[in-house]
Structures are given as structure tokens and as C-alpha cells.
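The chain contents come next:
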Amino acid sequence: MPNTQKLPVTSLKLNVDLDGFDFPDPPLCPPNILGQARARSALEFGIAMPQSGYHVFVMGEPGMGRLTMINQQLDKVAATLPTPASYAYAHNFENPREPIAIALPAEYGQLFGKDIEKLLDGLLEIFPVAFESPAYQQKKTAIERQFNQNYQQAIDSVDKKARAMSIALFREDDNITFAPIHGNKTLNEKQFSQLPEAEREMFHCQVEELEDFLSEVLLEMPLWRRQVLEKIKQLDNDTIKQELQPLFIELHDKYLAIDDVISYLSALEQQLYTTICDELMPTRTSDSLSHAAKRARLFEQFAPNILVDHSQDSGAPVVYQAHPTYQNLFGRIEYASEQGMWVTHYQRICKGSLHKANGGYLILDAEKLLEYPFVWDALKRALKSGTIDIESPYSEMGISTMTLRPELIPLNVKIILVGSGDIYYLLEELDNEFNEMFKVLADFDYEIPITPESMQHFAILANKHAADSGVKLLTKAAIASLMEHSCRLAENQHRFSAHINDSLELIGEASLFAKQAASGQLERIHIEQALAAREYRNGGLSQRILEDMLDGTILIDTHGEAIGKINGLTVLTIGGSSFGAPARITTTVYPGSRGIVDIEREAELGEAIHSKGVMILTGYLGHFYAQQFPLAISASIAIEQSYSAIDGDSASLAELCCLISALTRIPIKQAFAVTGSINQYGEVQAIGGVNEKIEGFFRLCQMRGLTGEQAVIIPAVNKRNLMLKQDVIDAVAQGLFTVYTVNSVDETLELLTGHLAGEADAEGNYPENSINFKAISRLKEISEMAGDDEHKEEGC
């Protein structure tokens, strides 16, 4: 057994030594994340590019500090940029269904709204009092007096003519009647009926003549009335103008440089003439309304809806929208039920994140953005058109849900999407416009090289996190323990995991144990206790599987030898935790030409990569053993007592060794467990989860009793990935457990069987009684048997 393959204790884990490192105090350390120079450079470039299409996709996994880096970069840049315009929606007096948008300098947002409110409050103070003033009443009385004089002159002329005919004229309100006069006395109806018929007929004729004359003299009365009304209206307008001008002159002077406001004030001034005449005149029915009701009505009609106000802001806005629904992103129009009908108003227009971030930066979660209907396509339309359209997302489906069409607001925003690599490549594949709009990719590294700078930076982050969380100060040993844990997460002795938050979260958990121990500092022991507690909390399933192995429910041998049986190593991931467990792999070989049957694939439990690994076995057998005769074999491979989907090719080395064992009838030591993938040339390739796999088999051996014979075999290339737990390292140091590394199938076979694998000579022949010699002999025998069967069939 070659000792060169046995790993020493020093290779099983990186032991971080921080002696000689001096760390600054946490308050002096600027907030930052670990490493990610490439992503930071790309982000800085994307933020600085003013051209359209240079939106940014920040690609990485949660916990890498994506949002931290984004906010740090944006806060630094946004503070140097001008504050964007505030926006308001106001009533469109020409078309109420299309409210107008008013752009205001940043500091004028709420100020403009308050100025209009002040104007409206001033109207309520002035009107209708202005129409009750003595000056107004005198002018109005003079206008009405002229009408009354004209009317009286007309009636007097009719009365004069009537008296000449001995007829009396009576006026009652607007009604005029005639009565005969006899003996200087006006006759009543009874007296009139006693007159001779001729006199009565003459009276009727005279009355008809007087009525015609009355109609003639009052022919211009409608004209007089119109003239009176026009003069009164002009008087009202003059009065309104006289009172309004001082109010509007101040506003015009204040907002002279803002075109949108000047246009709105002009339209508002014209509309107020009508509103005051209709609602604030003394004789209007609105007099029955309270002052508060009148104020509410005016505010509803004329007060602007301040949609976005930057009066208290400095620099460009930076907005993070955690739930990018259509309404949260683009805004919405609210409705109210009135008398069984849904009604709305420009005051019910609500802003979205695009309005808040307009002129700045908007950060969105890419996965959530794609979860909500209509949002992705609407966002692309907004970015291409450069406008924000508040509309119903269902309008394109023929469902009408709104009665307003607010004026479009110009959009100038930098979108920063945050998402995983899967989301990025999915968008890149399925949306041909994606790369045109998101030209900048800020790709976060999954691992950070260990250098003196990164170690110091890690320590700074750890101490700062402790200070920010109000926990105890970390010792160097505790920081070293955190670094080792980060290396374990990265599965690399030379790199930290970029998921820095996973390590920092341990600080808070460890502080509980430090508090319980009344320790003034966080020590290494407290970090280790936190890790052990976390493993215990999440270890229910792994413990049950281990117990099933111990009581024989799951068949795994850790001693003896067996033909066609081998211990493979697997990793099970449940939720946020993962653990390793051994699995028995069995192989049977028999004459025939069916090939190697993957039972997992036949049962539809094997995923694509696992099936690929099994197929490679045929290529290996053909390359090494079947160069001088056809490869004819029937074999079945199964991972026993597996009842769920299996993926990955890390079992292919164990499966091949198990297959060769069954083929050559050479037993395999059951005290060994194997993991590794292979290629068709027998080279052993890297696998993942190596620490969990080793520890899973170690726990079983430990519970059954370590004998010094138990060992695991891993690919040599995975040596740098080892960050084993201390109990495994202690067992190796005591000679109770062994970790071997291999580069080839032959090395693995020699370890598992204790037999020589054998090397081919120049003619391709292997030494007699070697494993490879026996494999070729057995395959040749099966091939000849298959050939004899074919000849027999042809003879029949």
C-alpha cells in the first residue's frame, strides 16, 4: 500500500495563524465587503456610464454583500449629483380625464402645494364677502336701476294711453291687468257685467289694443335684461379680477422661471372665475355648506397632487424596491365607491418606485421582478420610451379598469438588477433585448483568495460586525476560527467563501455562549460551540440515518471484504444544511451483450449527470480491456436503498471499482469508502462536498469503533478542499482513521483490494494475476461465450 497516498494531519485542514497581524479599531474601519474587485470595477463603470442601455446586472448569490456594495457605490456617487425635479399632477380643466404633470425644481415640491392651498384659503376669505361690500352693491344697484327705469317708462306710456281710454292699469309683480273706469271709479267684474254689451265689446277691443301696445313697448325688454345680466357679470368679473390679481401676481413672480407652473396658474386663474361665480356667490346654494365643506371641495378641484417631493433631499435618489409589483413600480390610481359606482380623481394618483428613483438609481431583485405578471415587459417599455406611464396592466387584455390617463412623466433612471447566475443566463437566452439594455455585468466571485490583505480585511469586517451588533470583542483566535469556517464553506484551503455573511452571523450566535460563560471576549471556543449548536439543531435527519445504519436498517459494512460491493460517499442537502452519508453500491456481472445497466436510470431515479458517469464506465472498459476483442458484457449497477433522485458523477470511481471487483471476483475491503469521478482514460477527477462525505463515513466508523483500518479515498485534486473537523483530524493523528488521495483508477483498485493493478507493456499485455489481467481474461471469456452463442443461432 503506497504511503505516499496517505495524507498527513497537516493536509487535512488549514490552520489560520494571525500572530503578527495588527487590526485597526472597528470605528476607524470603513464599511466594505470582502474582495470582489472585478465586480466593484464593473459596477463603478455601469454607474458612471450616462448612455442609455448601460443598466447593470449584479450577479451573485445572497450573502455575498451584493446590496452592501451597491449601496456603498451609489451613496458615494449619488451625493455628487444634482437633485432631480419634483413632480405634481394637477387638474386638466380642458380634459379632466388626462391630468397634467408639472415639473418643479427639487426644493419647490411641497412648497408649490402649500402655495396653492394658501391661494384657495385666501379665496374662501375673500369670497363671497367681496360681493357683499357696499361698493359692489352700489354698482349692482345702479345697473339694476337703469333696467327698472326703462321698464317703468314703458309701463307709464301704456298707463297714459289706457287712462285716455278710461281704462285703469294694474301691476302685480310681473303681471299687468286692465279694468274699465266709469264715473272716475274702477269697475269690478260684477259691475262690468251689468254694462251694456256694446260697452263691454268696446272695452275688450281697447284692451287688445293696449296689450298690443304693451308688447310693442316691451319688445326690447329681453335686450335690457341681457344688458343688465352682462353688466352684472362684468361687474362680478371685475370684482373677482380685482381680488384675484394680488394673489396671482405674487405666485407669478415666484414661479416665473417654471413654465409648467406658469401655464397651470394661467389656466387655474381662468377656471376660478367660473368656480367663484358658481359656488362662492352669496345667492348660490353652496352657502348652505360649511366652511370646511367648501374648502374640501376647492382643494379637491384645484390643489395639486404632489407626487414626488425632493425638497428635503440632497443628491440623486437611491431606491431599493423589495416587492416590485406592477403598482409598486409604476404607481397606481385608487378608486372610491360612491353611490354604487367606482370613481377616481387626479388626487388619487399614487407614485411608484420609478417616480421615486427618477433622476437617480433603482435597485430591483431580478427574480422577484420576473415573478410578478406584466412587470418585466412594462419596465422595458418604460426604459426604451423614457417615460413613466401610469396605466392598468390589464388594459392590453381588453379589461378597462381606469378612467384617468395621466400625462407621461419623463424617465431618467439607472436600473440595477440583483440576481443569481441562473436568472441572468435565463434572461440572456430568452429575451433578445436583455443584452441591449443591461450591457454591464457585475459578476461576484464565489471565492476570495487568501492573502495578507484579505485576511486583515476579514478581521476588520468581523470586528466591525461585532461592534455594530453590540457583542463582545473578538480575540485573534476567534477570528482565526471564523476564517477557517469560511474556508470550509468555500471548500478550499486557499480561499475564503464570498458568502461572508454566513461567517459573520456566527458572531451573534457565539456571543450567547460567551455571555453564558461570563467571558469578556469572544474566544475560539465560543465560535466552535456556536458551530456545534448549529449542527445539532440541523442534524435530526443525519442522526436518524446514522441510527438506521447502526441498527442494520440501512446496510453498510465497515469491516471485512466483499465482491461486487463498495461504500460510496454521498452528500444530502436539506434546506440550508448539508451532511454526508455512505451508500452501498453493488454490481453484478453476467454473460451477455446488454451492456452496463444503470438501475437508477431505469427506475427514473438517476439524473443526467449521474447517468453520464455510468456511461463513461463502458468507455473505460473498452479503452483498457477490449482492444483485441469485442466488448460484450451484461452488468447491473445500483446504489442500494436509495429512494430519491440521485445526481452527480462523484460515484463513478466507486462504481467502476465495484464493477471490476464483480468482473474479476476480487473482493473489496469494506473498511474503505470511495468518492471521485473519472474519465474514459481512468483519470480521477474532482468532486464536491468532500468534507461532508469524509465526515459522514467517519461518524459511522466512530460509532462502531475505530480500528485503524477504516479509511476514505478521495481524488488527489481535492486535497486543497479539505477543511475537516477536529475529531476527524485527531483520529487521523492517532492512526485510527486514514484519508487517501488517488490520481487513477489503478491506484484506487490497489488500495481497495491489496492486489497489484498492473501496468501494460509495449504490446498492451498486463502482468499475470494482476487485477487488469484478470479483468481482460474475464471479458475475453464472456466475449467468446457471446460469440459461440451467435454461431449457434446462425447454425439453427
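Structure shown above.
Residues numbered from 1 in each chain as written. Predicted model: local features only at pLDDT ≥ 70, side-chain atom pairs only at ≥ 80, totals over all residues. Heavy atoms only, no water.

1. Observations concerning the packing of aromatic side chains
To be explicit about the condition: Ring pairs are drawn from Phe, Tyr and Trp, using the six-membered ring of Trp, whenever the two centres fall within 6.5 Å, and their geometry is named by plane angle: stacked under 30 degrees, edge-to-face over 60, tilted for the rest. Strands are runs of DSSP state E lasting at least 2 residues, helices are runs of H or I lasting at least 4, and numbering of each runs from the N terminus.
According to the stated counting rule, one finds 20 aromatic pairs in the structure shown. Their ring planes at 25° and their centres at 5.8 Å tell us that Phe672 and Tyr740 sit as a pair that is stacked. Of the two residues, Phe672 is situated in strand 28 (residues 672-674) and Tyr740 in strand 32 (residues 738-742); the sequence distance between them amounts to 68 residues. An aromatic cluster of three or more residues is present, and its members are Phe57, Trp376, Tyr424, Tyr425, Phe434 and Phe438.

2. What to know about unusual backbone geometry
Short version of the rule: Burial classes: relative accessible area under 20% of the type maximum marks a residue as buried, over 50% as exposed, and values in between as partly exposed (1.4 Å probe, protein chains only).
Even without glycine at this site, Gln36 takes up a positive phi of about 65°. Gln36 gets classed as buried once you look at its relative accessible area, which sits at 2%. Here Phe374, not a glycine, exhibits a phi torsion of approximately 75°, which is positive.

3. So, helix 26 (residues 745-753)
Among the residues of helix 26, Val745, Thr748, Leu749, Leu751, Leu752 and Thr753 are the ones counted as buried. Note on helix 26: the residue one or two positions beyond its end, Gly754, has a positive phi of about 80°.

4. A closer look at the environment of Ile460
Within the element layout of this structure, Ile460 appears in helix 16 (residues 452-469). Residue classification places Ile460 among the buried positions, given a relative accessible area of 15%. Between the C-alpha atoms of Ile460 and Ile479, which are 19 residues apart in sequence, the distance is 9.6 Å.

5. Remarks on the pairing of strand 26 (residues 634-639)
Convention followed: For two strands to pair, DSSP has to find at least two bridges joining them.
Of all six residues making up strand 26, six are buried, and the element is well covered by its neighbours. Burial along strand 26 is two-sided: Ser634, Ser636 and Ala638 facing one way and Ala635, Ile637 and Ile639 facing the other are all buried. Note: strand 24 (residues 577-590) against strand 26, six bridges, orientation antiparallel. Directly across from Thr587, in strand 26, lies its bridge partner Ile637.

6. Quick notes on the sheet that holds strand 6 (residues 185-186)
Rules: We call two residues contacting when some pair of their heavy atoms lies within 4.5 Å. To obtain an axis, a line is fitted to C-alpha atoms, over the contacting stretch when the element is a helix, and the angle between two such axes runs from 0 to 180 degrees between their N-to-C directions.
Pairing within the open sheet is antiparallel, and its three strands lie in the order 4-5-6. Two strands close off the open sheet at either side, each with one partner strand: strand 4 (167-172) and strand 6. Each of strand 4 and strand 5 (175-182) is contacted by helix 4 (residues 134-164), which is oriented at about 150° to strand 4, the strand it contacts most. Across the sheet, helix 6 (residues 197-217) touches strand 4 and strand 5, and the angle it forms with strand 5 is around 145°.

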